[in-house]
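# Chains, contacts and geometry: an overview
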Amino acid sequence: MIAPENIFVIIPLAAAIVCAFLNKKKSAPAILANAVIAACLLFCVISFFERLGDDWFYGEVVLSSFMLIIIYLIAAAVAFFAAFAATTKRRGSYFAIMLVITAGMAGVVCAKDFFTLYVYIEVVSVCSYALISFYNRPKSTEGAMRYFYLSSIASAILLFSISMLFMHTGATSYDALVQKILAQNDGAALNIILAVMALAFMIKSGLFPFHSWTPDAYESATSPVSALLAGIVTKVVGTYALVVVCMLLSIINFGIENNPIGRAVMWFGLASIIFGALNAQEQKDFKRMLAYSSISQMGYITIAAALATPLAMAGAVFHMFNHAAFKSLLFFCAGNVKRATGSTEIDSMSGLQTKMPHTAWTATIAMLSTAGLPPFSGFWSKFFIIAALWQAGFYGMASAALFASVLTLAYFLKLQRGMFFGKPSENISDIEEKNFGFLTPCFVFSFIIIAAGLYFPFIYDNFLSPFIRVLQ
Amino acid sequence: MSLHLFLVISMILCSLAAVMAKRTIHAAIFLALVSIILATIMFTAQAPWAGAVELSVCAGLITVLFASTASMIGRGESYAKRESKIFRFLPLGLIIFGVIILCCGDFFEPLFANTHNAAAPSLTTVGDIIWKLRTPDLIGQLCIFVAGVLTVRTMLGEGKDE
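Summary of the structure given here. Note that the structure is a prediction, hence the values are computed from the model and not measured.

Each value, and the rule that gives it
- Residues numbered from 1 in each chain as written.
- Chains lettered and ligands numbered in written order.
- Predicted model: local features only at pLDDT ≥ 70, side-chain atom pairs only at ≥ 80, totals over all residues.
- Heavy atoms only, no water.
- Core = buried A, V, L, I, M, F, W, Y, C linked by side-chain atoms within 4.5 Å.
- Buried < 20%, exposed > 50% of the residue type's maximum accessible area, 1.4 Å probe, protein only.
- Helix = DSSP H or I, 4+ residues; strand = E, 2+ residues; numbered from the N terminus.
- Contact = heavy atoms within 4.5 Å.
- Buried area = accessible area lost by both parts, 1.4 Å probe.
- Polar contact = N/O pair within 3.5 Å; in protein donor to acceptor, adjacent residues only side chain to side chain.
- Nonpolar A, V, L, I, M, F, W, Y, C, P; charged D, E, K, R; others polar.
- Expected span 1.5 Å × (residues − 1).

Let's shift gears to the nonpolar core. Side chains of nonpolar character tend, in soluble globular proteins, to be buried together. Counting residues in hydrophobic clusters, the biggest one holds 204 residues, and the most contacted among them are Tyr94(A), Phe114(A) and Leu389(A). If one sorts the elements of this core by residue count, helix H10 (residues 223–253) of chain A sits on top with 20 residues. Here Tyr94(A) is in contact with Ala82(A), Ala86(A), Thr88(A), Leu131(A), Phe134(A), Tyr135(A), Thr222(A), Pro224(A) and Val225(A), once residues within four sequence places are set aside. Formed by 9 residues, the second largest nonpolar core is a distinct cluster that contains Met11(B), Ala17(B), Phe30(B) and Val34(B).

With that settled, the discussion passes to the interface of chain B and chain A. Quoted interface sizes are often the accessible area lost when the parts come together. Chain B puts 26 residues into the contact, and the matching count from chain A is 31 residues. Between chain B and chain A the total buried area reaches about 2500 Å² when both faces are included, carbon and sulfur atoms providing 68% of it. The interface formed by chain B and chain A holds 2 residue pairs in polar contact (both at pLDDT 80 or more) in total. At the level of elements, helix H3 (48–74) and helix H6 (135–156) of chain B are the ones that each hand at least two residues to the side of chain B that touches chain A. Among the residues forming the side of chain B that touches chain A, the class breakdown is 12 nonpolar, 8 polar and 6 charged.

Residue and element names in this part refer to chain A. Look at helix H8 (residues 188–205): 25 Å from first C-alpha to last across 18 residues, which is about the 26 Å you get at 1.5 Å a residue. Where H8 is concerned, the buried positions are Leu-190, Asn-191, Ile-193, Leu-194, Met-197, Ala-198, Ala-200, Phe-201, Met-202, Ile-203, Lys-204 and Ser-205. Just past H8, the residue Gly-206 takes up positive phi, approximately 80°.

So, on to the environment of Ser220(A). Residues and elements named next belong to chain A. If you trace the backbone, Ser-220 turns up in helix H9 (residues 213–220). Put simply, Ser-220 and Gly-143 are 77 residues apart on the chain and 6.4 Å apart in space, counted from C-alpha to C-alpha. Leave out the neighbours within four places in its chain, and Ser-220 touches Ile-132, Lys-139, Ser-140 and Gly-143. At 2.6 Å, the side chain of Ser-220 forms a polar contact with the backbone oxygen of Asp-216. Within the structure, Ser-220 has its side chain in polar contact with the backbone oxygen of Ala-217 (distance 3.4 Å).

Attention now goes to the side chain of Ser350(A). Residues and elements named next belong to chain A. When you line up the elements, Ser-350 lands in the loop between helix H13 (310–341) and helix H14 (357–370). Among the polar contacts made by the side chain of Ser-350, one reaches the main-chain carbonyl oxygen of Lys-423 at a distance of 2.5 Å. Discounting chain neighbours no more than four positions away, the residues touching Ser-350 are Gly-418, Met-419, Lys-423, Pro-424, Ser-425 and Ile-428.

All names here are of chain A. Counted residue by residue, H9 has 8 buried out of 8 residues, so it is predominantly covered. Every buried residue belonging to H9 is among Trp-213, Thr-214, Pro-215, Asp-216, Ala-217, Tyr-218, Glu-219 and Ser-220, and all of these are buried. Residues of H9 that are buried in the fold lie against helix H5 (114–132), helix H6 (138–169), H8, H10, helix H12 (286–307) and H13.

Put into structure tokens, the structure is as follows:
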């Protein structure tokens, strides 16, 4: 009997195998991939609301189910966008890899064991490498190689830490580990092992100072792939796993006060927030700016996950969702600009709003949400994170996080003024906005960002509250 | 015991074949065989967890990585067309050797007497470990295999985009 959570892995995997044999067909791979991912998304949402209210549906189970919804939501948007944007002759392989990476991410969040987690993280890494270098351009191959090297080092560190964990506790499953941790008085060895594991996940997340692969990979990949990588891949293989580790660290040390590893991870998060925001100011390329912005936003999630109070965890999880939505939307907008103008250089054009109003306005919504302005969804998650830091007595970190939000607004305003809302430049006179296929994911994510901001109590009651119940 | 001996010697022969094979792809396949035999030995020696991990990581993941690398470096090369003839007959040799060991394996039994002392866990069969305890790992291995094949095909296959 196959467990229900394995269905979310098996179905896209089976579809990928079928897709791989459809390489010579033009539309069939895209239709198959979109249909399968949309069906899985629907199934995820239905099963989530069916289980809501059950006594056993809280904590890590809710987090997994919520992450599954985010994964399939982003994958559905990316597959839809790619159906119109992919210019390759090998569409079967392209959509097959996209399905396998979706299966791998679903496997990561469904895993209840660190070894299983490792296996699925490798699936995602191999597929990411293939997707970044898919078009065999020198720049994308270089980006893919950089990703591959750092990712391999992270995988080696992760495997080593899992071995150490097994040697020390005799278990790798989350439940068994919690039991062992609660039974042991001395958590020093476990702290060191989990610190090594956290290091591996920070590399996978692309946090400062392990970020060197991020700008190259995001800039050189095609827009759907960048949206997938920045939107969900780094969150699943990096920050989601980091959330699990931070929860274990919090259990070992009874909170952040006696948790030196958690504090160290918080400092890494803060450094990423500041470094990403400052570097984004200097960028001349739209996608590269988004890459540095991602480094900064991942810092917010990390700092909250390491703090591990109920309020901080709610903020971390909701910011994962928000960042997935607004960063994917921004990469779709970057893709639309690239298709229309042939470039994503910020200084090479201005006044795009006159020719591409939908792209310009949806990008504006995403940017304002990234900066944490009300009433957009990004406001709530940043508010939760900063409030949690303040509540826990980390006043300096809370102020720095708030200051970085202002920096985020500054670099995005610079981008908006330079690219979309300035005086129209002559070189954009003959461009036009792309069709329905390119704009639909932008509209959908804009709607989600606004709706999640306006109806935040619904999100809190149904998605965040059952998750943080276990921490309270 | 005869099974143990057969497995150990088969593993040594496959290791030799892996080292001496001229085609890198054949070397990767022999290496996978070594891992599979080693996992079987671990299962028979009452170490099912180690066996499952060996089967999962070495026979699955590492083989995909080696096969990918072999495909990359071997593409378009003709230097390895001729392979040592002795290894063409290796499967036949292994079968003959297996039959001999099965017929007169009791002769070697004292060599493996100590393995009986190992404590037997409650779940000992390959089926129990893989199907009852490690199902997600098994599906993950399938994913890794498909991902590896697709990656190699994408990077080295025919019909690349201009």
